[in-house]
Amino acid sequence: MGMRSGYDPVEVDTLVGRIEATLGRGTHDVEPVTADDVRRATFRARRGGYHETAVDFALEAFVVALETMSKGPLRLARHEPTGEMLREEWFEAQAARVERVAFRPGRMGTGYNEDEIDAFLDRIVATLRGTTDDPVTAQQVRDARFSTVLLRAGYLIADVDSFLAGIADVLEQR
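Because the structure is predicted, anything quoted here is derived from the model rather than measured. (Residues numbered from 1 in each chain as written. Predicted model: local features only at pLDDT ≥ 70, side-chain atom pairs only at ≥ 80, totals over all residues. Heavy atoms only, no water.)

Visitor: Which residues make up the overall build of the protein chain, and what values do they have?
Guide: Secondary structure summary: the protein chain contains 7 helices and 5 strands in total. Walking the protein chain from its N terminus toward its C terminus, one meets helices and strands in the order β-α-α-β-α-α-β-α-α-β-β-α. Looking at the protein chain residue by residue over its 174 residues, the buried ones come to 40%. Of the contacts made within the protein chain by residues no fewer than 6 positions apart, 80% connect residues no fewer than 24 positions apart. (Helix = DSSP H or I, 4+ residues; strand = E, 2+ residues; numbered from the N terminus. Buried < 20%, exposed > 50% of the residue type's maximum accessible area, 1.4 Å probe, protein only. Contact = heavy atoms within 4.5 Å.)

Below, the structure is given as structure tokens:
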């Protein structure tokens, strides 16, 4: 902390308290938080606030911890409905989840090229819905490489990589 602007310490500390409670540390009288909640978190700038990059790195580590302990939607891939109609409804729900995903911006003007990621996600949605002649395989998702951008808008690399790892598991069920 100092005289430069940074993330509001009260807001950051409140979120970290919720994360710690969710992970089984600290007080348990606060509302639990999910990895997606942490990814979507934003903070006001305050003079003397926390250094943004340090907080972002810490939050990325918390996201990994939350996903590791979570029984979130990615694990549904192993417990999908078995009836054909229920199976298609499940894949439609996964496609809708891909359409709704929102990645945080990359730090300091770096990240994955947004246009490449968006186009790849469109192919994944078409695959999940069975509306393409060129479906994406789970292995193609795992092997996908994207160009990075500097000094312009890009998606946070860790967010994209984490999301695509889960989607690869879903595609293995298709």
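The rest of the description comes next.
Visitor: An account of the side chain of threonine 53 is needed here, citing residue identities and associated values.
Guide: Its location among the elements puts threonine 53 in helix H3 (residues 52–69). With a relative accessible area of 17%, threonine 53 lands in the buried category. When residues no more than four places from it in sequence are discounted, the contact partners of threonine 53 are Arg107 and Met108.

Visitor: Provide a residue-level description of unusual backbone geometry, including the pertinent values.
Guide: One non-glycine residue, leucine 151, lies in the positive phi region at around 60°. Within the secondary structure layout, leucine 151 lies in the loop between strand S4 (148–150) and strand S5 (154–155). By relative accessible area, which is 78% here, leucine 151 ends up exposed.

Visitor: Break down the sheet that holds strand S3 (residues 110–113) for me, with residues and values.
Guide: Taking strand neighbours across the sheet as the criterion, the 3 strands line up as S4-S3-S5 in an open arrangement whose pairing is antiparallel. Two strands close off the open sheet at either side, each with one partner strand: S4 and S5. Of the strand pairs in this sheet, S3 and S4 are connected by 3 bridges, and their pairing is antiparallel. Residue pairing across strands places threonine 110 opposite leucine 150, the latter belonging to S4. Packed onto the sheet, helix H5 (residues 114–129) meets S3 and S5 and runs at close to 40° relative to S3. Contacts from helix H7 (residues 157–171) reach S3, S4 and S5 within the one sheet, and its direction differs from that of S3 by about 40°. (Pairing = 2+ DSSP bridges. Axes fitted to C-alpha atoms, helices over the stretch in contact; angles between N-to-C directions.)

Visitor: For the packing of H5 against H7, give the residues involved together with the corresponding values.
Guide: The description of two packed helices rests on the angle between their axes and on the distance between the axes. Two elements in contact, H5 and H7, have axes whose closest approach is 12 Å; the angle formed by their N-to-C orientations is 20°. Considering their axes alone, H5 and H7 lie roughly parallel with respect to each other. For the pair H5 and H7, the crossing hand works out as left-handed. Only Val160, Phe163, Leu164, Ile167, Val170 and Leu171 of H7 make contact with H5, whose side of the interface consists of Ile117, Phe120, Leu121, Ile124, Thr127 and Leu128. (Parallel < 35°, antiparallel > 145°, perpendicular 65-115°, else oblique. Left-handed = near helix turned anticlockwise from the far one by under 90°.)

Visitor: Could you give an account of the environment of glycine 166, with specific residues and numbers?
Guide: Tracing the backbone shows glycine 166 in helix H7. Sequence-wise, glycine 166 and arginine 142 are 24 residues apart; in three dimensions their C-alpha atoms are separated by 9.6 Å.

Visitor: Can you tell me about the side chain of glutamate 11, naming the residues and giving the values?
Guide: You can see glutamate 11 is positioned in helix H1 (residues 9–22). In terms of polar contacts, glutamate 11 uses its side chain to reach the side chain of arginine 44, at 2.4 Å. Residue contacts for glutamate 11: discarding those within four places in its chain leaves Thr42, Phe43 and Arg44. (Polar contact = N/O pair within 3.5 Å; in protein donor to acceptor, adjacent residues only side chain to side chain.)

Visitor: Describe the packing of aromatic side chains, naming the residues involved and giving the relevant values.
Guide: In this structure the tally under the stated criterion is 6 aromatic pairs. When the ring of tryptophan 90 is compared with that of phenylalanine 91, the centres are 5.0 Å apart and the planes differ by 75°; the resulting orientation is edge-to-face. Both residues of the pair, tryptophan 90 and phenylalanine 91, count as buried. Taking the centre distance of 5.4 Å and the plane angle of 65° together, the rings of tyrosine 112 and phenylalanine 146 count as edge-to-face. With a gap of 34 residues between them, tyrosine 112 in strand S3 and phenylalanine 146 in the loop between helix H6 (138–143) and S4 connect regions that are remote in the sequence. Taken individually, tyrosine 112 and phenylalanine 146 each receive the classification buried, so the pair is uniform in this respect. Taken together through their ring pairs, the aromatic side chains of Phe103, Tyr155 and Phe163 make up a single cluster. (Phe/Tyr/Trp six-rings, centres within 6.5 Å; stacked < 30°, edge-to-face > 60°.)

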